[in-house]
Amino acid sequence: MDFDAKSVLGAGYPHLVRPKGRRLKCVVKRTRVAYLRRLRKLTEQHRMYSKMQLLHDNADTVSLRQISIAMNKFDRENAEHKLSSEEHCNQFKNDYIEFSPQTNLWIKRRDLYKQLRSINARLQLGKEVNVTHFARSCAVADIQDPFSLTDKEIGNRIEACRARLRELQPVAPMLRIEHLRDYIHRAKERGDMKAVVRIRQILRNEKLRRWWSGVHKSTKPHRGGAPTSIKIKHTTGDVQYDTREEIEEQAGRLLTDRFQLARDAPICNGKLFDDFGYLGDTACTRAILEGTYEYPPEMDDHTRLLCEEAHRIFSVKSTEEISNYVDSDDFQYFWLHADEFIQSSHSHIHFGHYKAIAHDRYLSALEASKLPLAATTGIPMERWGSALTVLLEKEFGNIYLEKMRG
């Protein structure tokens, strides 16, 4: 007996949208170099170093509200430069058919016929259209006299291109292999052995990807999707939330409370906070390490034990210098060893941006200079307050929010 989804699940089940793919991948040198070239150009064009220096110079002379507004304005502009650089560093390609000169020709012809239909519509409305570049592209694709075609003929040719692509799809993988082998032969003829190595690496990676995709389909279990509902325990009983807005609101409340637990520590309040500050770079901090600090009588026992242990460790390792700021070397070392494929930011400034910037010392110095400024003023960027959290079920069917892995 067959049942349709509407009769079993109802008409209100959620539609999950897959996230947009990344254009920037540091493992692809071509995209990384193009990203850094454009980002460095934008950084110099908009004088970002001068603006950052101005923020550091005025950090102690203006109010916290003014420095917060200026820092966030700088951060938003810097984020726009990164997103623009990623947008121009690579192009998304059609992945339903393997690339080769044969398939690419029919894809271009199909797209040109679609563009011709749009141009004809604009011309019929009396709008001016510059067709110089379009006519040149038609000549390259061997489309003769395109403006003499009627709408019906254009539609027939679009369908013919689609039919030809369907015919090429079964043999497209072999056509791509032949295409890459031809490029290897050309590279050998001109003596470019680096290109030979890179193309062979492409062939090897694509072969392994095809082989392992079949293995994974037959051996790995299906991946779980995004949670469509969660439960939270209340004094009156369990409450279930099903909409996206409710799930994000409840998860945000729980995570906000969890991430702010450190603010309730005694060292982050009262006289202790006045003595140590955010970075612990005060004279009182030095007195703690040297064992000369006079502990206030209201200080709790656990915090005092922690401070005494800090003095004991410092007395053993006092010859080692510990920096209280982040420089470009620290920034580069950390991000060059980070995993770029971690989903990290609601603003789309993912790990790949910082990993790419770590390959450029000029841009790394600018990024590193933001961190001490935020730390010394105690003002984080607004963008840092919107993080991306992935919720996964630890146990199948257990949708209690506190039992999920986030």
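Remember, predicted model here, so these are calculated numbers, not experimental data. (Residues numbered from 1 in each chain as written. Predicted model: local features only at pLDDT ≥ 70, side-chain atom pairs only at ≥ 80, totals over all residues. Heavy atoms only, no water.)

This next bit is on the overall build of the protein chain. Across its full length, the protein chain holds 16 helices and four strands. Its C-alpha radius of gyration of 30 Å places the protein chain more than 25% over the 22 Å reference for a compact globule of 406 residues. Expressed as a percentage of its 406 residues, the buried residues of the protein chain come to 31%. Of the contacts formed within the protein chain by residues at least 6 apart in sequence, a portion of 65% connects residues at least 24 apart. A total accessible area of about 28,600 Å² is found for the protein chain, and carbon and sulfur atoms account for 54% of it. (Helix = DSSP H or I, 4+ residues; strand = E, 2+ residues; numbered from the N terminus. Rg over C-alpha atoms; globule rule 2.2 N^0.38 Å. Buried < 20%, exposed > 50% of the residue type's maximum accessible area, 1.4 Å probe, protein only. Contact = heavy atoms within 4.5 Å. Areas by Shrake-Rupley, 256 points an atom, 1.4 Å probe, with all protein chains shown as cover.)

Attention shifts here to the side chain of Ser-85. Here Ser-85 is to be found in helix α4 (residues 64–89). Residue Ser-85 is classed as buried on the basis of its relative accessible area of 0%. Non-local contacts of Ser-85, meaning those with residues more than four positions away in its chain, are made with Tyr-35, Arg-38, Leu-39 and Leu-42.

Pairing analysis gives five bridges linking strand β1 (residues 230–234) to strand β2 (residues 237–241), with the strands arranged antiparallel. Across the sheet, Lys-231 pairs through a bridge with Gln-240, a residue of β2. Taking the residues between adjacent antiparallel strands as the criterion, β1 and β2 are bridged by two residues. (Pairing = 2+ DSSP bridges.)

We now examine a positive patch on the surface. Residues Lys-233, Arg-258, Lys-394, Lys-403 and Arg-405 make up a contiguous surface patch of positive charge. Structurally, Arg-405 can be placed in strand β4 (residues 404–405). On the basis of relative accessible area, Arg-405 is assigned to the partly exposed category, the value being 47%. (Patch = residues over 30% accessible without salt bridge, like charges linked within 9 Å, V, L, I, M, F, W, Y side chains within 5 Å. Salt bridge = Lys/Arg side-chain N within 4 Å of Asp/Glu carboxyl O. Lys, Arg positive; Asp, Glu negative; His and termini not counted. Charge placed at Lys NZ, Arg CZ, Asp CG, Glu CD.)

Okay, the nonpolar core next. The biggest cluster of nonpolar side chains holds 19 residues, and the ones touching the most others in it are Tyr-35, Phe-331, Trp-335, Ala-356 and Ile-357. Ignoring anything within four residues of it in the chain, the contact list for Tyr-35 reads Leu-24, Lys-82, Ser-85, Glu-86, Cys-89, His-353, Ala-356 and Ile-357. (Core = buried A, V, L, I, M, F, W, Y, C linked by side-chain atoms within 4.5 Å.)

The next subject is the pattern of salt bridges. Under the definition given, this model contains 22 salt bridges. Linking Asp-75 and Lys-370 is a salt bridge whose minimum nitrogen-to-oxygen distance equals 3.1 Å. Placement of Asp-75 in helix α4 and of Lys-370 in helix α16 (residues 361–377) is noted, with a sequence separation of 295 residues between them. The same class applies to Asp-75 as to Lys-370, namely buried. Among the ionic contacts, a cluster of salt bridges with common partners joins Asp-75, Lys-82, Glu-367, Lys-370 and Arg-383.

Moving on to the packing of aromatic side chains. One pass over the structure, following the stated rule, counts 10 aromatic pairs. For the ring pair Phe-331 and Trp-335, a centre distance of 6.3 Å and an interplane angle of 50° mean the geometry is tilted. With a gap of four residues between them, Phe-331 and Trp-335 both fall in helix α14 (residues 328–336), about one helical turn apart. Of the two residues, Phe-331 and Trp-335, neither departs from the other in class, the shared state being buried. (Phe/Tyr/Trp six-rings, centres within 6.5 Å; stacked < 30°, edge-to-face > 60°.)

Below, the discussion takes up a nonpolar patch on the surface. Together, Val-27, Val-28 and Phe-341 line one region of the surface with nonpolar side chains, adding up to about 280 Å² of accessible area. One can find Val-27 in the loop between α1 (5–9) and α2 (29–45). For Val-27, a relative accessible area of 63% translates into the label exposed.

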